[in-house]
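As a plain string of letters, each chain reads:
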Amino acid sequence: MITPDRTVSTTCPYCGVGCNLQLHVKDELIYRVTSDFDHPVNQGNLCVKGRFGYDFIYSNKRVTTPLIRKQAQAAGARTQAFDRSEWREVSWDEALEYTTDRLVEIYKRDGEHAMAVYCCAKATNEDNYLLQKIYRALFRTNNVDHCTRLCHAGSVTALLKSINSAAMSNTAAEVIDSDCFIITGSNPSENHPIIGLQMKAAVEKYGSKLIVIDPRKIEMCDFAALWLPLKPGTNVPVFNAMAHVIVNEGLVNREFVEARTTGYADYVKTLDKFTPGYAEEISGVDRNLIIDAARMYARAQRGMIFWGMGISQLSHGTASSLGLIHLAFLTGHVGRKATGLNPLRGQNNVQGASDMGAMPFFYPGYQWVDDEKNAQNWEQLWNVEPGGLNRKRGLTTTEILTHAHPGGVRALHIMGENPMMTEPNLNETRKHMQQLEFLVAQDLFINESGAFADVFLPATSWAEKEGTVTNTDRRVQRVRQAIAPRGQSRPDWEILCDLAQRIEARLGRPNSAIWNYDSPAQIMAEFGKLDSNYTGITYERLERHGLQTPVPHATHPGTPFLFAKDFPSGRGKFIPVDYVPIMEPPDEEYPFILTTGRVLEHWHGGSMTRNSALNEIYPSPVVEIHPVDATWANFTDGQPVRVSSRRGAIVLRTRVTEKARAGVVFMSMHFAEAAANLLTNDALDPQAKIPEYKACAVKIEPAAEADLPHPEIRTERGRW
Ligand SMILES: Nc1nc2c(c(=O)[nH]1)N[C@H]1C(S)=C(S)[C@@H](COP(=O)(O)OP(=O)(O)OC[C@H]3O[C@@H](n4cnc5c(=O)[nH]c(N)nc54)[C@H](O)[C@@H]3O)O[C@H]1N2
Ligand SMILES: Nc1nc2c(c(=O)[nH]1)N[C@H]1C(S)=C(S)[C@@H](COP(=O)(O)OP(=O)(O)OC[C@H]3O[C@@H](n4cnc5c(=O)[nH]c(N)nc54)[C@H](O)[C@@H]3O)O[C@H]1N2
Ligand code: SF4
Ligand SMILES: [Mo]
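Definitions and cut-offs
Residues numbered from 1 in each chain as written. Chains lettered and ligands numbered in written order. Predicted model: local features only at pLDDT ≥ 70, side-chain atom pairs only at ≥ 80, totals over all residues. Heavy atoms only, no water. Domains from an automatic or database assignment. Contact = heavy atoms within 4.5 Å. Buried area = accessible area lost by both parts, 1.4 Å probe. Salt bridge = Lys/Arg side-chain N within 4 Å of Asp/Glu carboxyl O. pLDDT = per-residue confidence, 0-100. Near = heavy atom within 4 Å. Polar contact = N/O pair within 3.5 Å; in protein donor to acceptor, adjacent residues only side chain to side chain. Areas by Shrake-Rupley, 256 points an atom, 1.4 Å probe, with all protein chains shown as cover. Helix = DSSP H or I, 4+ residues; strand = E, 2+ residues; numbered from the N terminus. Pairing = 2+ DSSP bridges. Axes fitted to C-alpha atoms, helices over the stretch in contact; angles between N-to-C directions.

Draft legend 1. Focus on the domain arrangement of the protein. When its domains are assigned, the protein resolves into domain 1 (6-58), domain 2 (67-145 + 363-516), domain 3 (153-344) and domain 4 (592-718). Taken over C-alpha atoms, the centre of domain 3 sits 28 Å from the centre of domain 4. If you look at the interface, domain 3 gives 26 residues, while domain 4 gives 22 residues. Buried area between domain 3 and domain 4, summed over both chains or domains, comes out near 2100 Å², and the portion from carbon and sulfur atoms is 53%. Linking domain 3 to domain 4 there are two salt bridges. Glu190 is the salt-bridge partner of Lys659, the closest N and O atoms lying 2.7 Å from each other.

Structural data, given as structure tokens:
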């Protein structure tokens, strides 16, 4: 048994559950990960990523020196460079001077609308706060967004409209105190595994009843009292039919509806056509299951709803989220412990990045940018002249790239995202990336997007820096430095402070008082001044178990559940929603619906997990097909197939499994050699601007072994 030199307590860098990690360090090497048994989030439990997925930080493909592309890149003809020989190692000074030159040149020539930035839901609150501050205060643009757009944008838009608050209302671990809970469009045992564990305990140990509403037979179906296997994209008819049953059978919580909501009478009228029979026709779910689910949830004392990407990532993601929100309003299952509206957040810090204003519409604290008072407050704090901040809402991530053309966005700074793997319709995305005039990548790896960049700024990993992150149930927790930064890599916040001072000097408005921070704690003290959710938080107060926002003052204990008295909007609004079919239904030529998502062992574009030991557990992509489809189409398990949509084609092996639904195939988004997003549809929800990742039409044809992508395509890339 090795005795560690030290054990450092920190927070997992992967998912929004926010598990505590104890990093065991010997000779400056992290060799083991355990967790604190007393921790309120995970009680010492970890999933495979938290326990074993940390070794990407030691990958020999990590880039730890600043780099500039050798060959100048012309807008329109930009290429990807994965090979070290295409880059020149430079000093930090040269990399940051070059970045400053180019950004300032473009800004002075074209103005603020030419500038854009992707913030990073993997980086800390402090990192994200600084990055949006640079682009807002120095480049005067609100073209600031991050992967939340590709994620819970549908849920956030719906929640803001109905209650004017978008975070999870309750704490996930309260599920053991519920007596019924719905999981819909969410696969917690793979994507929020420790919450999944708590949900299993809620059923098996504490007798809560689970309703799963999902097209795939996910693991949680084994624990469910009811499983409603709907066709992708038919959420609205199913939820509206449940509401129809609740209203018609007198199960409405009248007291709650009268005291806490508006718009009920008009809403109820729109439910007439949504009979369980009508919903069955559209969704394929037996009407009796819909009736039983409605009764079970409505009759519960404490009912929770958990949802995920199967609700949000549709061209009607906002409508399907509203459909769910109405169910909680009708039954009064919100505003108490073990109830609530719980959109499970994905990335370790997507809640925090959103809180920090990494969005085109908001300053930190969800303060609208087009509100004069808000703008004035931030101008004062940031020492910007009155009227200096931009009052116009900016472009979303999905719009930033489609605006990459002369006269539109010319410079893009990407801190820790990978649109060339994670945006829909990658063949289109590639064209947009090529159109950029200047691209900065700030990451640990040269990912598929950074390979297009002009300059690469090497950031440290989470284990090499200090800061805070905010998990799915609003718990702000510390990230602590366990080891020295590898090579010349620097923490994001330090890179950004350095860059900001150079930019402001070049712009001729030197004011470095607002860019000199000794530590991330100082950065938090700054945003806490104007964002009341964080006002009462200090690093000392976070020491052991963190605090759940809002924490409005220095002795406030934090907030495990929201809306006990009212909603931020006052009353909750019923906003009627109608059924809108998916944009690309299957037809004779493309007979299958493709739905995409994730697997337990991998993370999004794969930068982290595919450069870790986890890749050995799950090394190559598969398309999951139901046995019925495999039989009629004559496919065997493990056979190579070509899957094509109207936008692209990939070759990979089949996996014949009852987890899939007949007529629907599933693929994960993690594998560059068979990127699911070459196939997906870039149709957007008109309100939330989120793409329809969860449904597009594909055909599947037999392919030869020789057509399979080389299994090492990813590992061959970028040997450093
Ligand atoms: N291992 C791992 N964990 C992760 C991530 C990862 O990359 N890897 N990513 C993190 C991130 S950022 C996020 S956002 C979360 C996402 O976590 P989840 O929301 O669980 O994500 P998905 O797997 O994309 O989709 C969830 C479910 O939606 C279902 N679904 C598809 N279409 C529909 C539909 O029309 N209606 C309904 N009701 N359901 C549908 C799918 O069958 C699937 O079971 O995971 C986080 N956790
Ligand atoms: N087909 C399909 N596509 C999808 C989805 C889907 O369900 N289906 N889901 C969507 C969703 S929900 C999401 S959230 C997006 C995610 O999309 P992205 O955010 O683009 O994906 P990631 O692969 O998580 O990219 C994170 C990058 O950050 C880097 N990184 C890690 N830590 C740090 C750090 O501390 N500092 C810096 N600077 N960089 C760091 C990693 O190396 C990696 O390159 O994908 C979306 N795309
Ligand atoms: S559940 Fe999420 S936070 Fe917890 S160990 Fe797994 S990936 Fe990390
Ligand atoms: Mo996400």
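Draft legend 2. Broad picture of the confidence of the model for the protein. Looking at the protein, the pLDDT average stands at 96 and 98% of residues meet or exceed 70. Below a pLDDT of 50 lies the segment residues 715-720, which in the model reaches 19 contacts outside its immediate sequence neighbourhood of four places, other chains included.

Draft legend 3. Molecular detail of the site of ligand 1. The full set close to ligand 1 counts 36 residues, and Asn187, Asp214, Gly233, Arg598 and His602 are the nearest of them. In the model, a nitrogen atom of ligand 1 is placed 2.8 Å from a nitrogen or oxygen of the Asn235 side chain. The protein chains hide 99% of the 920 Å² of surface that ligand 1 would expose on its own. Listing elements by their share of the shell around ligand 1, those giving two or more residues are helix H5 (188-191), helix H12 (309-312) and strand E23 (592-597).

Draft legend 4. Local environment of the sheet that holds strand E13 (residues 340-343). With respect to topology, five strands assemble into an open sheet ordered E10-E9-E8-E12-E13, the strand pairing being parallel. What marks the edges here is a single partner per strand, and that holds for strand E10 (226-228) and E13. Direction aside, the axes of adjacent strands within the sheet are offset by 15° on average. Strand contacts of helix H4 (residues 153-163): strand E12 (303-307) and E13, with the helix running at about 155° to E13, the strand carrying the most contacts. Across the face of the sheet, helix H6 (residues 193-204) comes into contact with strand E8 (180-184), strand E9 (209-213) and E12 while running at roughly 140° to E8.

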